[in-house]
Amino acid sequence: MSRRLPGLVYRGAVLCLFLPLALIALTSLNRQPVVGFPISGLTLEWYAAVLADREIVRAFLLSCAAALASTALALLAGLWTSLAVASLASPLLRAALLCGACLPMVTPGIVSAISLRIYIRLLGIDPGLGAIVLGHAIHSAPYVVIVVGARLRLMPANLAEAARSLGAGDVRIFRRVTLPWLRPALGAAAVLALLESFDDFLRSFFLGGYRPTLPVLIYGRLFAGLSPEIGAATTLVLALTMAVGLSAEWLFRRARAPKDS
Amino acid sequence: MRITRALFLLGPVLWVAGANLAPLFEMARISLLDTYPAAPDHVARHSLDNYVAFLTSPIYRAAFLRSISFAGLATLLALLLAYPLAYAIAIATPARRRLRRLLLLIAPFWTGEIVRIFAIMLLLSNRGAVNGILRWAGVVGDPLPLLYNPFSLAFGMVYVVLLAMLLPVYAALEKLPRELLDAAAGLGAGAWTRFHRVTLPLTREGIAAGSALVFLISLGTFAVPSILGGADTTLFSMTIGSMFASSAGRWPLGAAFGLVLLASGLGIAAAIASAGRQAAPSP
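Definitions and cut-offs
Residues numbered from 1 in each chain as written. Chains lettered and ligands numbered in written order. Predicted model: local features only at pLDDT ≥ 70, side-chain atom pairs only at ≥ 80, totals over all residues. Helix = DSSP H or I, 4+ residues; strand = E, 2+ residues; numbered from the N terminus. Buried ≥ 20, exposed ≤ 12 C-beta atoms within 10 Å, placed from the backbone. Contact = placed C-beta atoms within 7 Å. Rg over C-alpha atoms; globule rule 2.2 N^0.38 Å. Nonpolar A, V, L, I, M, F, W, Y, C, P; charged D, E, K, R; others polar. Domains from an automatic or database assignment. Axes fitted to C-alpha atoms, helices over the stretch in contact; angles between N-to-C directions. Parallel < 35°, antiparallel > 145°, perpendicular 65-115°, else oblique. Left-handed = near helix turned anticlockwise from the far one by under 90°. Core = buried A, V, L, I, M, F, W, Y, C linked by C-beta atoms within 7 Å.

Participant: How should the overall build of chain A be read in this particular structure?
Facilitator: Counting its regular elements, chain A contains eleven helices and zero strands. The secondary structure elements of chain A, listed N-terminal to C-terminal, are α-α-α-α-α-α-α-α-α-α-α. Its C-alpha atoms give chain A principal-axis dimensions of about 75 × 60 × 35 Å. Considering chain A as a whole, with its 261 residues, one finds that 46% of them fall into the buried category. Pairs at least 24 residues apart make up 77% of the contacts formed inside chain A by residues separated by at least 6 positions.

Participant: I would appreciate a short explanation of the overall build of chain B in the present structure.
Facilitator: Of the regular secondary structure elements, chain B holds 13 helices and zero strands. The order of helices and strands in chain B, counted from the N terminus, is α-α-α-α-α-α-α-α-α-α-α-α-α. Since a compact globule built from 283 residues should have a radius of gyration of about 19 Å, the 24 Å found for chain B marks it as more spread out than a globular shape. Taken across its 283 residues, chain B has 44% of its residues classed as buried. Residue pairs at least 24 apart in sequence account for 72% of intrachain contacts in chain B once pairs closer than 6 positions are excluded.

Participant: Where do I start with the interface of chain A and chain B in this structure?
Facilitator: One frequently used descriptor of interface size is the decrease in accessible area upon assembly of the parts. Counting residues at the interface gives 59 residues for chain A, matched by 66 residues for chain B. Looking at the side of chain A that touches chain B, the elements with two or more residues in it are helix H1 (5–27), helix H3 (54–87), helix H4 (91–106), helix H5 (109–123), helix H8 (170–199), helix H9 (202–207), helix H10 (214–223) and helix H11 (228–256) of chain A. No other element matches the twelve residues that H1(A) contributes to the side of chain A that touches chain B. Taken together, the residues of the side of chain A that touches chain B sort by class into 45 nonpolar, ten polar and four charged.

Participant: Where do I start with the domain arrangement of chain A in this structure?
Facilitator: Residues and elements named next belong to chain A. Each assigned domain of chain A is listed here: domain 1 (1–43) and domain 2 (54–256). Computed from C-alpha atoms alone, the centre-to-centre distance between domain 1 and domain 2 is 31 Å. Tallying the contact residues gives eight residues for domain 1 and eight residues for domain 2.

Participant: In this structure, what is going on with the packing of H3(A) against helix H6 (residues 129–153) of chain A? I would like to understand it.
Facilitator: If you want to describe how two helices pack, look at the angle between their axes and the distance between the axes. Residues and elements named next belong to chain A. Close contact between H3 and H6 brings their axes to 6 Å; oriented N to C, the two are set at 40°. Considering their axes alone, H3 and H6 lie oblique with respect to each other. Along this stretch, H3 crosses H6, giving a crossing that reads as right-handed. Partitioned by chemical class, the residues of the contact of H3 with H6 number 20 nonpolar, eight polar and no charged.

Participant: Would you explain the packing of H4(A) against helix H1 (residues 2–30) of chain B in this entry?
Facilitator: The geometry of H4(A) relative to H1(B) is characterised by a closest axis approach of 9 Å and an angle of 35° between their N-to-C directions. Of the two elements, H4(A) crosses H1(B), and the hand of that crossing is left-handed. Of the residues in H1(B), those in contact with Leu97(A), Gly100(A), Ala101(A), Leu103(A) and Pro104(A) of H4(A) are Pro12(B), Val16(B), Asn20(B) and Leu21(B). Here the contact of H4(A) with H1(B) is composed, by residue class, of seven nonpolar, two polar and no charged.

Participant: I would appreciate a short explanation of the nonpolar core in the present structure.
Facilitator: Soluble globular proteins tend to bury their nonpolar side chains together. One finds Val144(A), Ala189(A), Ala86(B), Val161(B), Leu166(B) and Val169(B) to be the most contacted residues of the largest nonpolar core, which totals 157 residues. Of the residues forming this core, the biggest block, 17 residues, is contributed by helix H7 (residues 150–175) of chain B. Those residues in contact with Ala86(B) that sit more than four places away from it in its chain are Leu166(B), Val169(B), Tyr170(B) and Leu173(B).

Rendered as structure tokens:
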């Protein structure tokens, strides 16, 4: 096997993965009102149109609200669950709780969406922001359990013991020892949950009410045909998720390194 | 002390039961009803009619089998793409450059499903990049119909699920002890023998884990077949979705189909995962 082959495979793959995304940015600058090629001239007018489009701006704000609220709920549920898992002495109970907590990860998307649609009716919640927040939190909590749980297993046992021998109670140990230790993992999990929620289409589509989130709005407009304005809006979403993702990766690496705090 | 401990455990148990299990149980309950949401004066009847409807309708069965086939195809294609790629980074790249390369590969997957679907439309549509290049080069006169067919559906599915294959396979390859490869080479094993006698058996579990996960994700995609598929590629997820989308929805039927998809998906995924475990020699 040639020595240069792996490098070529890698470079080719990066190109293939980024090229379609680059097409979105490229065509969003095209002057002609029909999306696609050839590029007849460059303009920023579609970006101006996006910012002036009340529907898009409102959908963006709704997506942001859903992302923030569902992330907070997912962090709370995920953190609490990983602490409970770690505290169980029996390996069997630990595995059972962990499996139950990670169930949403292996539920096919459409099944997750419609079962939640049925469930919110049982709970008496109307489709809308509240239902979306609950659905996204349920979907994201397993990621929190996995990321936080991994960091929790790396925590030296003598840290808590030392605090206890100095007279600290459970609550104090949690606040002054465990929580600071978990902070990078919580940060990484939070960014993951924010992205999962902000990008989510399926749950938002079935749990949403009259007002769409941004991915649901874009989905609807894709059916109506490609418009340059949606290209510009998608480019902005792309830039935002990339920025958020980069910060996630940075936090993730700090969370994985055992000695950094 | 005992009470606070019980309360501490109660929270997560309630969350798992109320948030993760209850929706699936409620879905199973609805699947046995004749109508839901029912009119106020209607007395609900329980039956297995919705499951019988699945077994007896050729249309529903065809959509289900198509879903299984496309998910299987997407899993296979994702494995064939992800394995060499993961190998190129995990084995053939110096350790200090590995993380940076992996990060650059992961980055496109931070974007959502819808954004990536849009990107594929720009690539394959009549005025898209591929047709633009072909027409510019004079290869074709009229644009090729690349979109809204089985090809674009499979293409889109792979582009959406690839990362879920790449990460487990990469993790398995990175754990592979290099000394084993060196030892095999020292004993005179060629590149192909090293690969299929050492590398492949030792990464089997990672392959199986990735395949099981990708199969489940592919099975559940809804936006990809709705937008990128054609008239003759209706997948089971779209059939299920349509039972809930309109006001004249048929929730019980959709719930039954959802349960069928969940059970068969988990069954096949478990079979894939256990196939990886059984044959894997302990390193």
